[in-house]
Amino acid sequence: QTSCNMTNPSPQPLTASSKVRRKVEKIRSKTEEARKLFNLVESETVIQDYSCSVKKVIPCRGRMYITQNYICWAPIIGSTCEVIPFRTVTAIVSQATLIMPSSIDITTDGAVKSFVNFIKNHSKECLNVLTYLWKNVPSYVSLETENDHEETKNKQDGTARKTTLTNDPKNKNNKKEELHVDVELSKKALQLAQETHDLTTGTLEELNRQAETINQIEKDIEHIHANLDRGDRYIRSMEGITGVIKNAFSKDNSHQVDLKQSPVTQIHRKPQTLDYQILLKNPDNSLKSCLLRFTDDKFMCVTEDTKLLIGHNEWKYEFVTAVVLRARHLHLDIKFGSQPRFRLLSSFVQAITNELVLRTEVGQLYH
C-alpha cells in the first residue's frame, strides 16, 4: 500500500436542487432496474418499493416493486422473480399471529402469495398502497398493437385496467406502441375548461341581471294599475253625488301597492362537491386512505364512510402557492407558502392538478 499526502476536499452541503436531482436519479434508477428485472415496458414506473421476503419454509429475502399495473418481487440471491398483474388479484389481506409477524397475502385465481419481514412499519404502508392501486386504476391510457392482449375489467369496482404487458412478462419479442402525454393538448383542455367556467359564471350574472329587470318591470306595472285606478275614482267623484257614492261602496286599489323594494329572484348555482380517492401522507410518512373533496371555496380531506373532516386538513384555494409533481410516480405536494405542505398519493394526480389550476387565480401558482 502507498500513502498519499493529498487531502480530500470537505464535502459541500447539498442544495435543495441537488437533493431533488438525487431523488429523481434514485427513482429513475429503481424504475430502470425493475424494467430490466421483470421485462417491463417504458410506461411502467415504480411507485413504491419495499424490502421484504416471500413466505416459504425458508423465507427468501428480496425487494418488492409496485408499478401502475404490477406487483413485482425479486430475490437478493437467485433469479426466481414474481410478477403479479393487478388485474388478476382477487383479494389483498394482512394477517398476523403471536408467533409470525404480519404478512400481506395476495390472492390471484385461487393461488396465494404471502410477503413477510417488512422493515419498520412498511407492512401497513405497503398494504395501503397495494389496496389503493388495486381498487383505483391510474388514470392514463396506453395504446396497444398486440392482438393477443385483452382489455380486462377489475371485478371489484368495475373499471377497466389496461396493462402494458402480455400474459407472459418474460416474452421479449413483444412490440408496443405507447401513447405519450400531449402537453399542448392538455393545456388546450385546461383552457377550454377555464373558458367554460367563465362562460357559466357570466351566464349566471346575466340571468340575475335580467331577473332584476323583470322584477322592476312588474313593480312598474303595479304602479301604473294603481294610478289608473286612482284616476278612475277622481273622474267618478267629479261626476257628482252619484260618483261619490259609487266610490264609497267600491274597493280602493290605489293604496295597496307596496312601495318597498320587492325581493329580487336570485338564480344560484347549486354547490358542487367533487371527491377523489387518495392516500393522505401524514407528517410521520404513514399513509391513510381518504377522500380529497373539492367544494366551491375550499378543498379538504374527509373520511370515506362518514365524510367527516380529518384533522385540520382543510384549505381555501386562495392560500395555495404551488402544486408539485414529485419524482416518485403518482405522488403530489400542495404548498401553502410558509405553512406545512400537503402530501398525497393518488391515481388521479392529473385530475387533482387540473382542479387546483382551475379553482385558483391566474398566476397564483408558481412553477
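Each remark here, short or long, concerns the structure printed above.
If you're wondering where the values come from, they're calculated on a predicted model, not measured in any experiment.

### Digging into the overall build of the chain
So, step 1. Along the chain, the regular secondary structure elements total five helices and 16 strands.
So, step 2. Within the chain, buried positions represent 35% of all 367 residues.
So, step 3. Put simply, the chain shows about 23700 Å² of open surface, and 55% of that area lies on carbon and sulfur atoms.

### Concerning helix H2 (residues 122-135)
So, step 1. An ideal rise of 1.5 Å per residue puts 20 Å on 14 residues; H2 measures up with 20 Å between its terminal C-alpha atoms.
So, step 2. With ten of 14 residues buried, H2 lies mostly within the body of the structure.
So, step 3. Three or more residues of H2 are buried, namely Ser123, Glu125, Cys126, Leu127, Asn128, Val129, Leu130, Tyr132, Leu133 and Trp134.

### Examining the sheet that holds strand E2 (residues 60-66)
So, step 1. Reading across from one edge, E4-E3-E2-E1-E7-E6-E5 is the order of the seven strands in this open sheet, with antiparallel pairing throughout. Where the open sheet ends on each side, the last strands, each with one partner, are strand E4 (82-85) and strand E5 (89-95). Across this sheet, the average inter-strand angle for adjacent strands is 30°, counted without regard to direction.
So, step 2. Summarising the sheet, strand E1 (residues 48-54) and strand E7 (residues 111-116) pair through two bridges and their orientation is antiparallel. Looking at E7, one finds that Ser53 is bridged to Val116.
So, step 3. The strands that H2 touches are E1, E2, strand E3 (70-75), E5 and strand E6 (103-108); relative to E5, the one it contacts most, it runs at about 160°.

### Things to note about the pairing of strand E14 (residues 322-325)
So, step 1. In terms of strand pairing, E14 meets strand E15 (residues 331-336) through four bridges, oriented antiparallel. Looking across to E15, one finds that Leu325 is bridged to Leu332.
So, step 2. Connecting E14 to the antiparallel partner E15 that follows it, the hairpin turn spans five residues, and Leu330 within it adopts a positive phi of roughly 70°.

Cut-off values and rules
Residues numbered from 1 in each chain as written. Predicted model: local features only at pLDDT ≥ 70, side-chain atom pairs only at ≥ 80, totals over all residues. Heavy atoms only, no water. Helix = DSSP H or I, 4+ residues; strand = E, 2+ residues; numbered from the N terminus. Buried < 20%, exposed > 50% of the residue type's maximum accessible area, 1.4 Å probe, protein only. Areas by Shrake-Rupley, 256 points an atom, 1.4 Å probe, with all protein chains shown as cover. Expected span 1.5 Å × (residues − 1). Pairing = 2+ DSSP bridges. Axes fitted to C-alpha atoms, helices over the stretch in contact; angles between N-to-C directions. Contact = heavy atoms within 4.5 Å.

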